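# Architecture at a glance
Here are the chains, one letter per residue:
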Amino acid sequence: MKRLIAPALAATLAAAAPAAMAWPDKTITIVVPTAAGGGNDAMARTIAQKLGPLLGQTIIIDNRAGANGSIASEFVARAPADGHTIMFGYIATHGMNPALQKLRYDPVADFAPVGLVGYSPTLMVANGTVPVKDVKDLVAQLKAKPDKYTYASAGNGTAPHFAAELFKLNAGVVMLGIPYKGAAPAVSDTIGGQTQFMFPSLFTAMPHVKSGKLRALAVAGSKRSALLPDVPTLKEAGVDGVDVSQWYGLFVPAKTPKAVVDQLNKALNQVLADKDIVKRIEDHGADVEGSTPEQLGALVKGELVKWKRVVQQARLTAD
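Reference entry: report on the structure contained in this document. (Residues numbered from 1 in each chain as written. Predicted model: local features only at pLDDT ≥ 70, side-chain atom pairs only at ≥ 80, totals over all residues. Heavy atoms only, no water.)

Taken as a whole, this structure holds 2 cavities of 30 Å³ or more when the rule is applied. If you add up the space inside the largest cavity, you get close to 100 Å³. For the lining of the largest cavity, the elements supplying multiple residues, two or more each, are helix 2 (39–55) and helix 7 (183–192). Here the second largest cavity defines a volume of roughly 50 Å³. If you trace the second largest cavity, you find 13 residues lining it, with Asn68, Gly69, Ala154, Lys181 and Gly182 closest to the centre. Of the residues belonging to the lining of the second largest cavity, the class tally is 6 nonpolar, 6 polar and 1 charged. (1 Å grid on protein atoms, 1.4 Å probe; cavity = no way out; pocket = protein on both sides within 12 Å on 5 of 7 lines; lining within 4 Å. Points joined across faces, edges and corners; volume = space filled by probe spheres on them. Helix = DSSP H or I, 4+ residues; strand = E, 2+ residues; numbered from the N terminus. Nonpolar A, V, L, I, M, F, W, Y, C, P; charged D, E, K, R; others polar.)

As structure tokens, this is what we get:
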């Protein structure tokens, strides 16, 4: 999927706006399924700062953390399908959690995809004071003493949970997981030492790695990050099979008029073409990548198949 950003988007959007239906005609809400202060929240706020003026309306961020994204997802799925309630969805809400357990929303039937925002690799990090030299040392310590350490996740059914469980499965180790209501409190407790390890997105982890509060051990992806060139992939560190690339996108309730979805998609891609926005997002470790609504819809369907297979192979449960 290539970055779909066309120079003519601004002109197209401007030309279409007067002729399109009267949208938006009131404040727009972007619902974020995680706590304030996390990577999803920061990305949503960055986009909203440009998207609001472009659409001519105020955009507010509504953080509805809890139930691994289900609370926010159910809220948006049942919101009026008029384009004024938007969900900042991501791999957990529209891929992993639905693959893990039966939910009160359908990630395909209950939403109309708007467009992809970007991707961020998953990073394996450790508390700055934990006595572990590298991944090889951690595996050796855990094999000698199972459950010696604990890992934090943003909740069962989230990317940090899946990545940690895949790590345990492929490394042949035991490590207790502590689920939190979002990445922000999970990162906070890992920094504080209540938990010792975590697998957050690079976007979430990068500021804390830069400050020295967290130590990057490995990238849970297919390649090293340009922002952390000296940090190996887990495969390079001796643990294969842990490739969790997190993605983010905007969704609206199903049955939202196609004209509104298309107008919002054009505006989103125009925002993602802004050099300042691109720099701010990429400086945190995420790669900006736009899409059509159809491409995001195809991505969601493919992710559901992929993660259902992982749930079966790793015997993951929601408990």
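In terms of burial, strand 4 (residues 111–121) is largely enclosed, as 9 of its 11 residues are buried. As defined by bridge partners, strand 4 adjoins strand 10 (residues 245–253) across 9 bridges and the pair is classed as antiparallel. From the neighbouring strand, glycine 115 faces strand 10, where its bridge partner is leucine 250. Bridging between strand 4 and strand 11 (residues 287–288) involves 2 bridges; their strand directions are antiparallel. Bridging from a neighbouring strand, tyrosine 119 pairs with aspartate 287 of strand 11. (Buried < 20%, exposed > 50% of the residue type's maximum accessible area, 1.4 Å probe, protein only. Pairing = 2+ DSSP bridges.)

Taken in spatial order, the 6 strands of this open sheet run 2-1-3-10-4-11, and their pairing is mixed. The two strands at the open ends of the sheet, each matched to only one other strand, are strand 2 (59–63) and strand 11. In this fold helix 4 (residues 91–100) packs onto strand 3 (85–90), strand 4 and strand 10, with an angle of close to 55 degrees to the strand it touches most, strand 3. Its contacts with the sheet put helix 9 (residues 258–272) on strand 3, strand 4, strand 10 and strand 11, and the angle it makes with strand 4 is roughly 20 degrees. (Contact = heavy atoms within 4.5 Å. Axes fitted to C-alpha atoms, helices over the stretch in contact; angles between N-to-C directions.)

In short, shape yes, function no, at least from these values alone.
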